[in-house]
Amino acid sequence: SSGINAEYGYPDFKYRLMLSVKLADMSGVEWVTLFQENGEKLLGRSTQELGQLKETADEQFDKALDEPLFRRYTFKIRGKLETWNDETRTRMSVFNVADIDPVKESERMLREIAQFA
């Protein structure tokens with residue numbers, strides 16, 4: 001392995017991924033955190049590949065981060081209340097991300113519409 005981490009004596013260095021992203025839908029916006037596996041799913045690249053891009057090709061790295069912009073996904077999100085310095089906040093973490101399956105999504109919507117009919 002080449003790059004800055006090998007130069008400083010970390011030949012077995014493994015990148016870890018934590019993304020903070022802003023999600024938006026018709027109900028509003030929310031900042032959420034994605035960790036390793038779900039970040040890789042969203043970006044469509046391995047963490048090692050992203051790390052190598054960051055070290056060698058900043059422009060391609062930035063492009064990789066922009067790829068998911070304005071695309072539709074299904075997110076499963078977990079909220080957790082945390083208090084720090086007497087301030088309580090809700091921390092939102094993604095525990096699953098997937099591309100939208102149009103057939104499944106249409107079937108789900110038809111079921112919901114049928115409940116109101």
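The rules behind each value
- Every chain begins its residue count from 1, and numbering advances along the sequence as written.
- A pLDDT threshold of at least 70 governs which residues receive local features in this predicted model, and a stricter bar of 80 or more applies before side-chain atom pairs are shown or counted, although totals over entire chains, interfaces and linings include all residues.
- Processing note: side-chain calculations cover all non-hydrogen atoms of the structure and skip hydrogens and water entirely.
- Any Lys or Arg side-chain nitrogen found within 4 Å of a carboxyl oxygen on Asp or Glu counts as a salt bridge.
- Helix and strand definitions here come from DSSP, where helices need a minimum of 4 consecutive H or I residues and strands a minimum of 2 consecutive E residues; each element is numbered from the N-terminal end.
- Relative accessibility thresholds used throughout: buried, under 20% of the residue-type maximum; exposed, over 50%; partly exposed, between the two (1.4 Å probe, protein chains only).
- pLDDT gives the predictor's per-residue confidence on a scale running from 0 to 100.
- Pairing of aromatic side chains requires ring centres within 6.5 Å, counting the rings of Phe and Tyr and the six-membered ring of Trp. Pairs whose planes differ by under 30 degrees are stacked, by over 60 edge-to-face, and all others tilted.
- Should the NZ of a Lys or the CZ of an Arg lie within 6 Å of a ring centre and within 35 degrees of the ring normal, that charge is described as sitting over the ring.
- The method works on a 1 Å grid over the protein atoms by themselves. A cavity is a set of points holding a 1.4 Å probe that cannot get out, a pocket is an open set with protein on both sides within 12 Å along at least five of seven lines, and residues with an atom within 4 Å of a point line them.
- Grid points are joined across faces, edges and corners, and a volume is the space filled by probe spheres set on the points.
- For this scheme, ten residues count as nonpolar: Ala, Val, Leu, Ile, Met, Phe, Trp, Tyr, Cys and Pro. Four count as charged, namely Asp, Glu, Lys and Arg, and the remainder, Gly too, count as polar.

We now examine the pattern of salt bridges. Counting across every chain of the model gives nine salt bridges. Of the charged contacts in the structure, one is a salt bridge between arginine 71 and aspartate 99, with a shortest N-O distance of 3.9 Å. Placement of the pair is arginine 71 in the loop between helix H4 (58-66) and strand E3 (73-84) and aspartate 99 in strand E4 (residues 87-99), with a sequence separation of 28 residues. Since its relative accessible area comes to 48%, arginine 71 is described here as partly exposed. The partner of glutamate 105 in a salt bridge is arginine 108, and the shortest N-O contact between them spans 2.4 Å. You can see glutamate 105 and its partner arginine 108 sitting in helix H5 (residues 102-116), three residues apart, about one turn around the helix. Judged by relative accessible area, arginine 108 falls into the partly exposed class, the value being 30%. One network of salt bridges, in which partners are shared, links Arg45, Glu49 and Glu67.

Of all residues in the chain, 91% attain a pLDDT of 70 or more, and the chain-wide mean is 89. Per-element confidence in the chain is highest for strand E2 (residues 28-35), whose mean pLDDT is 96, and lowest for helix H1 (residues 4-7), whose mean pLDDT is 56.

It is worth spelling out the packing of aromatic side chains at this point. By the definition in use, this model includes two aromatic pairs. With a centroid separation of 4.9 Å and 90° between ring planes, the pair formed by phenylalanine 13 and tyrosine 15 is classed as edge-to-face. The class of phenylalanine 13 is partly exposed, set by a relative accessible area of 35%. In this structure, arginine 78 packs its charged tip against the face of phenylalanine 95, placed 4.4 Å from the ring centre.

With that settled, consider the layout of surface pockets. Put simply, the largest pocket is a space of about 1100 Å³. In this structure, the largest pocket is lined by 29 residues; those nearest its centre are Lys22, Leu23, Ala24, Arg71 and Phe75. Those elements that provide at least two residues to the lining of the largest pocket are strand E1 (18-25), E2, helix H2 (36-43), H4, E3 and H5. Sorting elements by how many residues they give to the lining of the largest pocket places E1 first, with seven residues. Here the residues of the lining of the largest pocket sort into 17 nonpolar, four polar and eight charged. Lining the second largest pocket are Thr74, Phe75, Lys76, Asn96, Ala98, Asp99, Ile100, Asp101, Lys104 and Glu105. The residue inventory of the lining of the second largest pocket, partitioned by class, reads three nonpolar, two polar and five charged.

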